[in-house]
Amino acid sequence: MAIRTIRIDGDPILSKKSRTVEKFDESLNQLIEDMFETMYEADGVGLAAVQIGILKRLLVMDDYEGTKKVLINPVIESHEGWEPGIEGCLSVPDKNGIVERYKKITVSYQDQEGNPQTLEAEDLVARIIQHEMDHLNGILYTEVATTTDPDETEAFLRAQYAREVPEDGEEKGE
Ligand code: NI
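The structure reproduced in this document is the subject of the present report. (Residues numbered from 1 in each chain as written. Predicted model: local features only at pLDDT ≥ 70, side-chain atom pairs only at ≥ 80, totals over all residues. Heavy atoms only, no water.)

## Focus on unusual backbone geometry
Right, on to step 1. Look at Tyr 64: it is not a glycine, yet its phi comes out positive at around 60°.
Right, on to step 2. Secondary-structure assignment places Tyr 64 in the loop between strand S2 (58-62) and strand S3 (68-80).
Right, on to step 3. Judged by relative accessible area, which is 45%, Tyr 64 ranks as partly exposed.
Right, on to step 4. The backbone phi angle of Asp 94 is positive, close to 55°, even though this residue is not glycine.
Right, on to step 5. Tracing the backbone through its elements, the reader meets Asp 94 in strand S5 (residues 92-101). (Helix = DSSP H or I, 4+ residues; strand = E, 2+ residues; numbered from the N terminus. Buried < 20%, exposed > 50% of the residue type's maximum accessible area, 1.4 Å probe, protein only.)

## A word on the sheet that holds strand S1 (residues 46-48)
Right, on to step 1. The sheet built from five strands is open, its strands ordered S1-S2-S3-S6-S7 with antiparallel pairing. Sheet topology places S1 and strand S7 (116-122) at the edges, where each strand pairs with a single neighbour. On average, each strand axis in the sheet is inclined to that of its neighbour by 40°, with strand direction left out of account.
Right, on to step 2. Pairing of S2 with S3, which is carried by five bridges, proceeds in the antiparallel orientation. Along S3, the bridge assignment pairs Asp 62 with Lys 68.
Right, on to step 3. Sheet strands touched by helix H2 (residues 123-136): S1, S2, S3, strand S6 (104-110) and S7. Its angle to S7, the strand with the most contacts, is close to 125°. (Pairing = 2+ DSSP bridges. Axes fitted to C-alpha atoms, helices over the stretch in contact; angles between N-to-C directions. Contact = heavy atoms within 4.5 Å.)

## Description of the layout of surface pockets
Right, on to step 1. Of the pockets and cavities examined, the second largest pocket occupies roughly 350 Å³.
Right, on to step 2. If you go around the second largest pocket, you meet 17 residues; those closest to its centre are Val 45, Glu 87, Gly 88, Cys 89 and Ile 128.
Right, on to step 3. Among the secondary structure elements, those contributing two or more residues to the lining of the second largest pocket are strand S4 (83-89) and H2.
Right, on to step 4. At six residues, H2 tops the list of elements feeding residues into the lining of the second largest pocket. (1 Å grid on protein atoms, 1.4 Å probe; cavity = no way out; pocket = protein on both sides within 12 Å on 5 of 7 lines; lining within 4 Å. Points joined across faces, edges and corners; volume = space filled by probe spheres on them.)

## Considering the nonpolar core
Right, on to step 1. By size, the foremost hydrophobic cluster in this structure holds 19 residues, and its most contacted members are Leu 59, Leu 71, Ile 105, Val 107, Ala 121 and Ile 129.
Right, on to step 2. For this core, the secondary-structure elements that each account for two or more residues are S2, S6, S7 and H2.
Right, on to step 3. Membership of the second largest hydrophobic core comes to 14 residues, among which are Val 21, Leu 28, Val 70 and Ile 72. (Core = buried A, V, L, I, M, F, W, Y, C linked by side-chain atoms within 4.5 Å.)

See the structure below:
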C-alpha cells in the first residue's frame, strides 16, 4: 500500500474525463487499496481515481457511519429530490461551498471483481457519490456550487445546525 499524491485544483488532469475500467485485476486492487489509504490519510470521505492522477472511472468512499464502498464505472439510474448541502474537496484545500444535489439516487456500478451491482443512497452518501462522479467527468464542485463564498457557506452551516439541534439542545434521533 502507498499513499499517493493528491492532485490540486489547477492541475489539468482534474478537468479530464476518466475512462471506463475494463480490467479487473491485481493492479486495480492495488490502486483501490492506495486510494483508501490516501483518502483516510487526508481525512476525506471520498476520492476519485483522477484525484491521484489515474483517469479511470473509479471512486472510493466512506461516510464513517458504516457505508464504505468502491464504485467502478458508476451510472445514476434514477434520482429523487434536490437539495443544497455543504461540500469540500481534497483537491481544493481550505475551501467549502454549497452545492445542490439529488437527495436520493440509485446507482449501478461494478464492484472490485467486475460484478454488476446496484446501490440506493441518500443524503450524505448520495452527495459523496455525486461529487465523486463529477470528478470522473472532469468537474470540480466549485464549478457547480451555488456559492463558495465563506460567509454564505458559514451562514448556511449555522442555519443547518440550528435546524438539527433545536434551542433546547436536544438532537433529533437517528
Ligand atoms: Ni472532490
